[in-house]
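As a plain string of letters, each chain reads:
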Amino acid sequence: MITFRNVDKNNFQAAISLEVHENQKCFMEDNLFSIAECVVEKDFVTKVVYNDDEPIGFLLYYFVKDEPDYVFLHRYMIDKDHQGKGFGRATLEAAMDLFKTEFPSIGCVELMHYPDNKIGAAMYEALGFVPTGENRESEPCRCEIDTKNPDRYVEIVRRRYYTAL
């Protein structure tokens, strides 16, 4: 069963030990960087993803007051040892419920991904995250800071809307 816990002194080491596969590291910052970022971005929320009592992933998100209000899922990862087992999809589904509980006014969840993240794009599409038609400029991850790859300077924006009850 997927659950979420705030990053704290009890799970900090577990959170920073979670890693993606080597070929995925160009898509996002590591968890230690994400946790450090929360020092300057006070609205950021970090969670460790658990399957039962085992840490398997990490979320970084924040609330945006807009029309509609939404949660921006800034970073999301499943540890390399737990990928390919359905945890990515299960985590995103559970996160949608978590966000609506934490921020009842939200109408959608927004995320962005690099154009060449084909596996991520396919999963987001399958889970109902539709492209908004907007692409946003971004900075490459630290591991590719001087890259000449044009796919590292723009990200595709997707949203998944909550259906009316």
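Refer to the preceding data block for the structure.
Bear in mind that the values here come from a model prediction, so they are computed numbers and not experimental data.

Enquirer: Hey, could you run me through the pattern of salt bridges in this one?
Expert: Two side chains with opposite charge may pair up if their charged atoms get near one another. Applying the stated rule across the entire model yields 15 salt bridges. Put simply, Glu-29 and Arg-142 hold a salt bridge, and the shortest N to O gap is 3.0 Å. On the criterion of sequence distance, the pair formed by Glu-29 in the loop between helix H1 (12-17) and helix H2 (31-37) and Arg-142 in the loop between strand S6 (130-137) and strand S7 (154-161) is long-range, its members being 113 residues apart. We classify Arg-142 as partly exposed; its relative accessible area is 44%.

Enquirer: Can you help me understand the sheet that holds strand S3 (residues 54-64) in this one?
Expert: Within a sheet, neighbouring strands are paired by backbone hydrogen bonds and run either parallel or antiparallel to one another. With mixed pairing, the 7 strands of this open sheet are ordered in space as S1-S2-S3-S4-S5-S7-S6. This sheet does not close on itself; its edge strands, each paired only once, are strand S1 (2-6) and S6. If you compare each strand with its neighbour and ignore which way they point, the axes differ by 30° on average. In the sheet, S1 pairs with strand S2 (residues 45-51) via 5 bridges, with the strands oriented antiparallel. Opposite Phe-4, over in S2, you have Val-49 as the bridge partner. Packing against the sheet, helix H3 (residues 87-102) makes contact with S1, S2, S3, strand S4 (70-78), strand S5 (108-113) and S7, and its axis sits at approximately 150° to S4.

Enquirer: Sorry if this is basic, but what is going on with the packing of H3 against helix H4 (residues 118-126) here?
Expert: Two quantities define a packed helix pair, namely the angle between the axes and the distance from one axis to the other. Interhelical geometry of H3 versus H4 gives an angle of 50° and a closest axis separation of 11 Å. With respect to their mutual orientation, H3 and H4 come out oblique. In this structure, H3 meets H4 at a crossing whose hand is right-handed. In this structure, H3 uses Gly-88, Arg-89 and Leu-92 to contact H4, whose residues at the interface are Met-123, Tyr-124 and Ala-126.

Enquirer: Honestly, the packing of aromatic side chains in this entry has me stumped. Any pointers?
Expert: Per the counting criterion, the structure on display carries 6 aromatic pairs. When the ring of Phe-44 is compared with that of Tyr-62, the centres are 5.0 Å apart and the planes differ by 15°; the resulting orientation is stacked. On the criterion of sequence distance, the pair formed by Phe-44 in the loop between H2 and S2 and Tyr-62 in strand S3 is long-range, its members being 18 residues apart. Judged by relative accessible area, Phe-44 falls into the buried class, the value being 14%. With a centroid separation of 5.4 Å and an interplanar angle of 35°, the aromatic rings of Tyr-62 and Phe-72 are classed as tilted.

Enquirer: Any chance you could explain the environment of Asp-30 here in plain terms?
Expert: Along the polypeptide, Asp-30 turns up in the loop between H1 and H2. C-alpha of Asp-30 to C-alpha of Val-20: the two residues are 10 residues apart in sequence and 8.5 Å apart in space. At a separation of 2.8 Å, a polar atom in the side chain of Asp-30 contacts the main-chain amide nitrogen of Phe-33. Only 3.2 Å separates the side chain of Asp-30 from the side chain of Arg-142, close enough to count as a polar contact.

Basis of the calculations
- Residues numbered from 1 in each chain as written.
- Predicted model: local features only at pLDDT ≥ 70, side-chain atom pairs only at ≥ 80, totals over all residues.
- Heavy atoms only, no water.
- Salt bridge = Lys/Arg side-chain N within 4 Å of Asp/Glu carboxyl O.
- Helix = DSSP H or I, 4+ residues; strand = E, 2+ residues; numbered from the N terminus.
- Buried < 20%, exposed > 50% of the residue type's maximum accessible area, 1.4 Å probe, protein only.
- Pairing = 2+ DSSP bridges.
- Axes fitted to C-alpha atoms, helices over the stretch in contact; angles between N-to-C directions.
- Contact = heavy atoms within 4.5 Å.
- Parallel < 35°, antiparallel > 145°, perpendicular 65-115°, else oblique.
- Left-handed = near helix turned anticlockwise from the far one by under 90°.
- Phe/Tyr/Trp six-rings, centres within 6.5 Å; stacked < 30°, edge-to-face > 60°.
- Polar contact = N/O pair within 3.5 Å; in protein donor to acceptor, adjacent residues only side chain to side chain.

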